[in-house]
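Report on the structure
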Amino acid sequence: PTTLLTLGQVWKTLSPEQQTALNVVFVSVDPERDTPTTLQPYMQYFNSSFIALTGNPESLQRLSAAVSAFYAKAQAHEDNLGYLMNHSANIILIDPVGRYRGFIEPPFENQRLEKIIPLLLSVPALVTVPALTNSQ
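Residues numbered from 1 in each chain as written. Predicted model: local features only at pLDDT ≥ 70, side-chain atom pairs only at ≥ 80, totals over all residues. Heavy atoms only, no water.

Once that is clear, we can look at the side chain of Asp95. Considering the arrangement of structural elements, one finds Asp95 in the loop between strand 5 (91-94) and strand 6 (100-104). Classification of Asp95 by relative accessible area gives buried; the value is 11%. Polar contacts involving the side chain of Asp95 include one to the main-chain amide nitrogen of Val97, which spans 3.0 Å. Within polar-contact distance, the side chain of Asp95 engages the side chain of Arg101 at 2.8 Å. (Helix = DSSP H or I, 4+ residues; strand = E, 2+ residues; numbered from the N terminus. Buried < 20%, exposed > 50% of the residue type's maximum accessible area, 1.4 Å probe, protein only. Polar contact = N/O pair within 3.5 Å; in protein donor to acceptor, adjacent residues only side chain to side chain.)

Shown next, in the form of structure tokens:
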């Protein structure tokens, strides 16, 4: 939630052209609790143009492997919480044709992202890597 809040604040500093060139996509790795019905109002809180997705365990594993991300279910210390999801905290960068381009590591401070994001939008990709496909 803090990353989405920061991205929502940084989004407001971008020009309309930059906003058009950028999609913020939140991928939930907890499809048991995060459904399209619950994700839609959650994302509206941060920014109505942000997108939320989830998937079945197999597709989430393929995606996480393709972008060098990590997630795992962990037992909560308190019985009433059930379980927690441990996961990577990086912002993953995917280009417009679906190729993994890298990541931004925390900390996600407004001033830092306000410099990084416009820079990334202005520089053509320097390295070509395989596109993410359903077969990967």
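Once the structure has been displayed, the description carries forward.
Bringing the side chain of Thr6 into the picture now. For Thr6, the location among the structural elements is in helix 1 (residues 2-11). Sequence-distant contacts of Thr6, defined by excluding residues within four places in its chain, comprise Phe108, Glu109, Asn110 and Leu113. (Contact = heavy atoms within 4.5 Å.)

One way to put it is that helix 1 packs onto helix 3 (residues 36-46) with a least axis distance of 8 Å and a crossing angle of 50 degrees. On the basis of their axis angle, the class for helix 1 and helix 3 is oblique. For the pair helix 1 and helix 3, the contacting residues are Leu4, Leu5 and Gly8 in the first and Tyr42, Met43 and Phe46 in the second. Per-class residue counts for the contact of helix 1 with helix 3 are five nonpolar, one polar and no charged. (Axes fitted to C-alpha atoms, helices over the stretch in contact; angles between N-to-C directions. Parallel < 35°, antiparallel > 145°, perpendicular 65-115°, else oblique. Nonpolar A, V, L, I, M, F, W, Y, C, P; charged D, E, K, R; others polar.)

With that out of the way, let us pick up the confidence of the model for the chain. Counting all residues, the mean pLDDT for the chain is 88, and 88% of those residues have values of 70 or more. In this model residues 126-131 is a low-confidence stretch, pLDDT under 50, and it forms 13 contacts with partners more than four residues away in sequence or in other chains. (pLDDT = per-residue confidence, 0-100.)

Moving on, we get to the packing of aromatic side chains. Counted according to the given criterion, the structure contains four aromatic pairs. Ring plane angle 85 degrees and centroid distance 5.6 Å describe the contact between Trp11 and Phe50, whose orientation is recorded as edge-to-face. Of this pair, Trp11 sits in helix 1 while Phe50 sits in the loop between helix 3 and strand 2 (51-53), and the two are 39 residues apart along the sequence. Of the two residues, Trp11 and Phe50, both sit in the buried class. (Phe/Tyr/Trp six-rings, centres within 6.5 Å; stacked < 30°, edge-to-face > 60°.)

Judged by nonpolar contacts, the single largest core of 15 residues is most densely connected at Leu7, Phe50, Leu113 and Ile117. Secondary structure elements with two or more residues in this core: helix 1, helix 3 and helix 5 (110-122). Considering each element in turn, this core owes the most residues, four residues, to helix 1. Filtering out sequence-adjacent residues up to four positions away, Ile117 remains in contact with Leu7, Val10, Leu14 and Leu22. (Core = buried A, V, L, I, M, F, W, Y, C linked by side-chain atoms within 4.5 Å.)

Across four bridges, the pairing between strand 5 and strand 6 is antiparallel. From the neighbouring strand, Ile91 faces strand 6, where its bridge partner is Ile104. In sequence, strand 5 turns back onto strand 6 through a hairpin of five residues, with Gly98 there showing a positive phi of about 90 degrees. (Pairing = 2+ DSSP bridges.)

So, about the environment of Ile92. Relative to the helices and strands, Ile92 resides in strand 5. Distance from Ile92 to Glu105, taken between C-alpha atoms, is 8.9 Å for residues 13 residues apart in sequence. Those residues in contact with Ile92, other than ones at most four positions away along the chain, are Val67, Tyr100, Gly102 and Phe103.

A cluster of nonpolar side chains, contributed by Val25, Val27, Ile51, Leu53 and Leu63, occupies part of the molecular surface with about 340 Å² of accessible area. Put simply, the parts of the chain that give the nonpolar patch at least two residues each are strand 1 (25-27) and strand 2. Locating Leu63 in the fold gives a position in helix 4 (residues 57-66). (Patch = residues over 30% accessible without salt bridge, like charges linked within 9 Å, V, L, I, M, F, W, Y side chains within 5 Å. Areas by Shrake-Rupley, 256 points an atom, 1.4 Å probe, with all protein chains shown as cover. Salt bridge = Lys/Arg side-chain N within 4 Å of Asp/Glu carboxyl O.)

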